[in-house]
Structures are given as C-alpha cells and as structure tokens.
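Chains, contacts and geometry: an overview
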Amino acid sequence: MRLAAAVGAGVVVGAATGWPVAALIAGAGCWAVPKLFGDSRDQAGLIARVEAIADSSGWGWRAAGVRFSLGFYPADCCHWGVYESAKSVIWIGPTAFEDQTRLRYVVLHELAHAWQYRQNRFAEFITDYTAWGFTTIGSALEAGADCLANVWGAAGGHYWTCPAAARALAARRFSGDWR
Ligand SMILES: [Zn+2]
C-alpha cells in the first residue's frame, strides 16, 4: 500500500521530507463512487460528522490550522483519505463513508499525519518505528498514523495491526514525551 501511495502521489513531492501526501488507497475505482456529496445541506452534515470524530482525538487540530475537505484529493483520485501537507488539508473521500468504523479510522489516520507534520521530528519517527521494520519516512509515518489512530479510538489499521508496545509509544509521543 505504501508503494502504491508513493507512486500515485509522486507528482507533488514535498520539500521537507520528499513524502508529499499520505494517502489511503481505496480498493474501488472512481466509477464506484457513491453520489454522497451532491447536496450542500448533506455536505454540512457530513463535515460535522468528520469534525466530531476529529474533535474526539483530543488534539487541537483547529488551532493547528488543519482543515477538512470532502471529496477525493483532486491530484490523485480515489483514496479514502489524503493529508495534503502543503495546504494542511485533509481530504475525506466518499468511499470513507462506507460505514462509521471506516470513517472513524480514515479521519483519525489522516489527522495523525497532520499531527506528525506539526512535530517536525521526522528522524525520530523513523527511529521509533525501525524497531518494527519501518525504516523509511513514508512507511514510518503510515505505521505511526495507524497507531495514533488506535490511541484516538479507531479500530484496526490499514497498513498494519499496531501492536500494544507501538501503541503505547504513539501515546507517549502524543503526550509530548520524546525521551
Ligand atoms: Zn497514511
């Protein structure tokens, strides 16, 4: 999944890390997109659902300048979710709304990426997750985002099943402990 994401997102390489956007790949293609985002009143309700999930994380994402946008990331269609680091925008695609469990996971995983970028500790993230075999920044951020999403209450993981020790580490980092 990481490889596919890297290839798909490679058109907009970020200056800081070379890892432009962190994306979740949807299994289905664009042809399967449900007509979820048509009505503007529906949109407001969907955004409210997304923001309520983000608020449940306990991270002050609004103050950190993070924004949500409904729809597929235009430059790289059909991921469940994408964190566009250059604009600090989290794209939530229609396929993320398949069920509440997936929506919660996608929102919190992408929010975890936004948190990661605010820390500016990319070397530490690699060091942290090297113990579990994630030795590049892209894979370390995906592994860490799955773990932090779990800490924030999401079920499961798309990139791996975050073990208890890694989850505890993610919780410690989120609390500001970098020792
Ligand atoms: Zn990700």
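Details of the structure are given in the entry above.
In this text, all values refer to a predicted model and were calculated from it rather than measured experimentally.

1. Here's the deal with helix 5 (residues 137-151)
In this model helix 5 runs 20 Å from its N-terminal to its C-terminal C-alpha over 15 residues, within 8% of the 21 Å that 1.5 Å per residue would give. Summarising burial for helix 5: 13 of the 15 residues are buried, a large majority. One or two steps after helix 5, the chain reaches Gly153, where phi turns positive at roughly 110 degrees.

2. Some thoughts on unusual backbone geometry
A positive phi angle, close to 95 degrees, is found at Cys78, a residue other than glycine. Mapped onto the secondary structure, Cys78 falls in the loop between strand 2 (67-70) and strand 3 (79-84). At Asn120, a position not held by glycine, the phi torsion is positive, near 55 degrees. Note on placement: Asn120 falls in the loop between helix 3 (100-119) and helix 4 (122-130). On the basis of neighbour count, Asn120 is assigned to the exposed category, with 10 C-beta atoms found within 10 Å.

3. Concerning the nonpolar core
Core analysis: the largest hydrophobic core is formed by 45 residues, its most contacted members being Val107, Leu108, Leu111 and Leu148. Every element with two or more residues in this core is listed here: helix 2 (40-55), strand 3, strand 4 (89-92), helix 3, helix 4, helix 5 and helix 6 (164-174). Among the elements that make up this core, the one with the highest residue count is helix 3 (10 residues). If we ignore the near neighbours within four places in the chain, the residues touching Leu111 are Ala54, Ser57, Trp59, Trp61 and Ile90.

Rules used throughout
- Residues numbered from 1 in each chain as written.
- Predicted model: local features only at pLDDT ≥ 70, side-chain atom pairs only at ≥ 80, totals over all residues.
- Helix = DSSP H or I, 4+ residues; strand = E, 2+ residues; numbered from the N terminus.
- Expected span 1.5 Å × (residues − 1).
- Buried ≥ 20, exposed ≤ 12 C-beta atoms within 10 Å, placed from the backbone.
- Core = buried A, V, L, I, M, F, W, Y, C linked by C-beta atoms within 7 Å.
- Contact = placed C-beta atoms within 7 Å.

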